[in-house]
Amino acid sequence: MQSSWTRRKVAPVTKNGDSDDKLDEHVVSSTICNGEDLGPLVRKSFSSGKPETLLQHLRQFTRSKESEIEDVCKTHYQEFIMAVDELKSLLSDVDSLKTSLSNSNAVLQSVAVPLLTALDAFVEARNVSQNVSLALESVQICIRLIELCSRVNFHLSSNNFYMALKCVDALERDFLEKTPSVTIHRMLEKQIPAIRSHIERKISKEFGDWLVEIRTVSRNLGQLAIGQASAARQREEELRIKQRQAEEQSRLSLRDCVYALVEEEEDEEGYEVGYEGKELYSNGGSGLLGFDLTPLYRAYHIHQNLGLENRFKQYYFENRKLQLTSDFQVSSMTPFLESHQTFFAQIAGFFIVEDRVLRTGGDLISKIEVENLWETAVSKMCSVLEDQFSRMQTANHLLLIKDYVSLLGVTLRRYGYPIDALLDVLSKHRDKYHELLLSDCKKLIGEALAADKFEQMMMRKEYEYSMNVLAFQIQTSDIIPAFPYIAPFSSTVPDCCRIVRSFIEDSVSFMSYGGQLEFYDVVKKYLDRLLSEVLDGALLKLISSSIHGVSQAMLVAANMAVLERACDFFFRHAAQLSGIPLRMAERGRRQNPLKNARDAAEEMLSGMLKTKVDGFMSLVENVNWVSDEVPQNGNEYVNEVIIYLETLVSTAQQILPVQVLKRVLQDVLSHISEKIVRILVSDSVKRFSVSAVMGIDVDIRLLESFADNQAHLFSDEDASQLKSALMESRQLVNLLLSNHPENFLNPVIRERSYNTLDYRKVITISEKLKDPSDRYFGSFGGRGVKQDPKKKSLDALIKRLKDVS
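Treat the numbers as computed from the prediction; the structure is a model and nothing was measured.

### Comments concerning the overall build of the chain
Broken down by element type, the chain carries 28 helices and four strands. Within the chain, the proportion of its 805 residues that are buried is 40%. In the chain, 76% of the contacts between residues at least 6 apart in sequence involve partners at least 24 apart. For the chain, the accessible surface area stands at approximately 45,000 Å², while carbon and sulfur atoms represent 52% of it.

Below you can see the structure in the form of structure tokens.
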């Protein structure tokens, strides 16, 4: 039952004329009715010293409220009475209900007590069962947990980190939240991260050891791979040599020599198969060089399971990059020529390893990263090569490094790495290499020529003949001579041939495997320079400064002829080594590159022979130019000359080639002919008779007979050319003994019969034949009846020649 009474706020009402006390009473009443704080009023009362007034106001307010309460109670009195009556009626009902409930409770208690007893027993049994099941389950969990922990310890002790991580993952996934023991739970929470940290440290240490080991392995691997590339190149060279031999035998139609060219099959994977079929490296286990990627892949896999895959990939790349940067360091304490193989082998091994990691390592390293590393390596190697090549002043040093770099390129090209930049550096220093090579060859040729004793070379064994003659194809016959064999040249020839052959092989070696498929033109250009500038210049210097005597000059001329034949071999050899057909090389051949030295040698020999001949020709002073008798056996000088020439030929034919001997004899005979004419023209002969002219005719016939007698050495054409060397003196004598000397004025006859004669010389000599006595014409025998006409004809000829002059 709710009361309809509610608290009301009473506002004080003031009337005009109320006193201050009344006002205060209203203020107190208003404050209390409104539930406001009386503190300010109390403090004010005590501060004004009138607390009794406040107490009085409070008592008055209390009395006023009591009266209001009484009024309210009076108003609700009837309702209270009715409520009390209702409560009394309810009390009897409650007593009857209480009795009924008590009876029902007694019945229920009598029935439920046995049930409650049974229920309590059941509940107790069920609790025991649940506890036992929970205990069994906990024991099973603990058993499995302990087994896993035991396996973790076993795998850790066996360094089987992957299985240990799998067991730790199982502990965390299956047992960490299910473990009923708080102690075990805490132990697992502490030990699982510790085990993972332990595994990470162990595998990181193992990977660090592998990083240290792989540097040595990379160097050995690079050396072996480059060595196998060198062996493969050597096999290719041997096959080419056999092929050239087969082609040569085929060209010579020697069918009994047959070569079977069987190329060896190379492993498709490059140089991954070593000797005796063993692997150079493998992904697991130790290969031939211990190239084992298992620690790397194990570490990568463990970090993947630890969720640290990206961190490990970054760590691997940075460490390998640092290793590569360290490999770039060139020691200033060791000459690069001694350390270049280790330098390049280390880099080669590095990228062989990275190629295998790229192809078998999943996402451990990307192709872009490997390409960036390779670009860095190529740039560094090019820089090192540029620097080292610029310092080198020895051709052989450049060749050694170039060969190794080309082998490096061949090796890494097999793994797909571009090597064009390296080949460009090699090509860039081609000219410098050849200039150094030419300088070296110039020094060697100079030493070889300076050591020449100008003695014919003696070969006592067949191998010496093969090494010094057949090796350079300078033999004149396919028949092996008897030994000991005295060669028609000095030791200078094979020495120079070996130097030139070495130059060709070094040049081809530098140009080969350098990215150029056709380089014969380059090799030929520098070979031309070697022969025409270096060798020809050295021979010219030798000829001009070191030749003393005819025998030395003859041997040098013989050497020049042999070297000229060797030049053909040099160009063929260069063509064969360059891999082009011989017909193409022969098609582009130029004139003899040693022509200047050859001409100089023959000119010197001819000059010495002419000097000797001039000594014999000085006997012409003993000739009686106005004698009426004709010397039937020739003049003394010509006999001496012929004896000398015959002796010369018998000696020279053992040394000089036929063509050289022909040219020298032709030059000497031409000189004799000119000498005879000069003697007749000179002031030393004032007058001469026809008999003297007929004596000169006999001399010339003896010389012509000498030329004819050389037919066993020369061909008929060559013998005719030898004879033609006497043409000037022969035509002069024919003119002087002619019945019609005026025919000299006929252009047709002069061109046919007197084309070598100079009309000024004819005038001078003809004037010396002007003899006023008739005996001049009487010497013609039966033609004496025509003395006057002939004399007139000769006088007319002289007059007309003077008019022409």
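Here the narrative resumes, following the displayed structure.
### A look at the packing of aromatic side chains
What the rule picks out here adds up to 18 aromatic pairs. Seen in terms of ring centroids, Phe343 and Phe344 are 5.0 Å apart; in terms of plane orientation they differ by 75 degrees. Their pairing is edge-to-face.

### A word on the packing of helix H11 (residues 395–413) against helix H13 (residues 430–450)
In the contact formed by H11 and H13, the axes pass within 8 Å of each other and the chain directions differ by 135 degrees. In terms of orientation, H11 and H13 fall into the oblique class. Taken together, the residues of H13 that come into contact with H11 (itself represented by Ala395, Leu398 and Leu399) are Tyr433, Leu436, Leu437 and Asp440. When the residues that make up the contact of H11 with H13 are grouped by side-chain class, the tally is six nonpolar, no polar and one charged.

### Observations regarding helix H17 (residues 550–578)
The terminal C-alpha atoms of H17 lie 41 Å apart, and with 29 residues this matches the ideal 42 Å at 1.5 Å per residue to within 8%. Across the 29 residues of H17, 24 count as buried, placing the element largely inside the fold. Just past H17, the residue Gly579 takes up positive phi, approximately 80 degrees.

### Here's the deal with unusual backbone geometry
At the junction of Phe483 and Pro484, the peptide bond is cis and its omega measures out at 5 degrees in the coordinates. Mapped onto the fold, Pro484 is located in the loop between helix H14 (462–468) and strand S4 (485–490). The backbone of Gln473 sits at a positive phi, close to 55 degrees, despite the residue not being glycine. Along the chain, the position of Gln473 falls in the loop between H14 and S4. The exposure class assigned to Gln473 is partly exposed, which follows from its relative accessible area of 32%.

### Things to note about the environment of Ile672
One can find Ile672 in helix H21 (residues 658–681). Note on Ile672: relative accessible area 1%, which makes it buried. Considered as a pair, Ile672 and Leu726 are 54 residues apart in the sequence and their alpha carbons are 7.6 Å apart. Those residues in contact with Ile672, other than ones at most four positions away along the chain, are Val613, Met617, Val641, Leu645 and Leu703.

### Topic: the state of the cysteines
The full count for this structure, using the stated rule, is zero disulfides. Here Cys496 stays unpaired: no disulfide links it, and the sulfur of Cys497, its closest cysteine neighbor, is 7.1 Å away. Its sulfur unpaired, Cys567 is 8.1 Å from the next cysteine sulfur, which belongs to Cys497. On the accessibility criterion, Cys567 (0% relative accessible area) is buried.

### Here's the deal with the pattern of salt bridges
Tallying each qualifying case throughout the model produces 24 salt bridges. Here Asp431 ties to Arg430 by a salt bridge, and the two come within 3.7 Å at their closest N and O atoms. The partner of Asp599 in a salt bridge is Lys595, with the nearest N and O atoms 2.9 Å apart. Note that Asp599 and Lys595 are positioned in helix H19 (residues 595–617) at a spacing of four residues, about one turn of the helix.

### Notes on a nonpolar patch on the surface
On the surface, Val107, Val111 and Leu115 cluster together into a nonpolar patch covering about 300 Å² of accessible area. The residue Val107 is located in helix H4 (residues 77–157) in this model. The exposed category is assigned to Val107, whose relative accessible area is 52%.

### Topic: the packing of H21 against helix H23 (residues 716–724)
One can describe the packing of H21 onto H23 by two numbers: an axis separation of 8 Å at closest approach and a directional angle of 20 degrees. It follows that H21 is roughly parallel to H23 by the angle criterion. Considering the relative orientation of H21 and H23, their crossing is right-handed. Across from Gln659, Lys662, Leu665, Gln666 and Leu669 in H21, the residues of H23 making contact are Asp718, Gln721, Leu722 and Ser724. Of the residues in the contact of H21 with H23, the class split is three nonpolar, four polar and two charged.

### Observations concerning the environment of Ser691
Locating Ser691 in the fold gives a position in helix H22 (residues 690–708). Counting along the chain gives 66 residues from Ser691 to Trp625, while the straight-line C-alpha distance between them is 7.9 Å. Leave out the neighbours within four places in its chain, and Ser691 touches Ser627, Asp628, Glu629 and Val630.

### So, the side chain of Ser218
By secondary structure assignment, the location of Ser218 is in helix H6 (residues 182–251). Here Ile214 takes part through its backbone oxygen, which lies 2.6 Å from a polar atom of the side chain of Ser218. With sequence-adjacent residues up to four places away left out, Ser218 is seen in contact with Ala345, Gln346, Gly349, Phe350 and Val353.

### Quick look at helix H16 (residues 520–545)
If you check H16, its first and last C-alpha atoms are 36 Å apart, about what 26 residues at 1.5 Å a residue would give, namely 38 Å. The largest bend along H16 reaches roughly 30 degrees and is located at Asp536.

### Focus: the confidence of the model for the chain
Across the chain, the average pLDDT comes to 78, with 85% of residues at or above 70. This stretch, residues 772–788, has a pLDDT under 50; its non-local contacts, to residues over four places away or in other chains, come to 21 contacts.

What counts and how
- Residues numbered from 1 in each chain as written.
- Predicted model: local features only at pLDDT ≥ 70, side-chain atom pairs only at ≥ 80, totals over all residues.
- Heavy atoms only, no water.
- Helix = DSSP H or I, 4+ residues; strand = E, 2+ residues; numbered from the N terminus.
- Buried < 20%, exposed > 50% of the residue type's maximum accessible area, 1.4 Å probe, protein only.
- Contact = heavy atoms within 4.5 Å.
- Areas by Shrake-Rupley, 256 points an atom, 1.4 Å probe, with all protein chains shown as cover.
- Phe/Tyr/Trp six-rings, centres within 6.5 Å; stacked < 30°, edge-to-face > 60°.
- Axes fitted to C-alpha atoms, helices over the stretch in contact; angles between N-to-C directions.
- Parallel < 35°, antiparallel > 145°, perpendicular 65-115°, else oblique.
- Nonpolar A, V, L, I, M, F, W, Y, C, P; charged D, E, K, R; others polar.
- Expected span 1.5 Å × (residues − 1).
- Disulfide = S-S within 2.5 Å.
- Salt bridge = Lys/Arg side-chain N within 4 Å of Asp/Glu carboxyl O.
- Patch = residues over 30% accessible without salt bridge, like charges linked within 9 Å, V, L, I, M, F, W, Y side chains within 5 Å.
- Left-handed = near helix turned anticlockwise from the far one by under 90°.
- Polar contact = N/O pair within 3.5 Å; in protein donor to acceptor, adjacent residues only side chain to side chain.
- Bend = angle between axes of the 7 residues up to and from the residue.
- pLDDT = per-residue confidence, 0-100.

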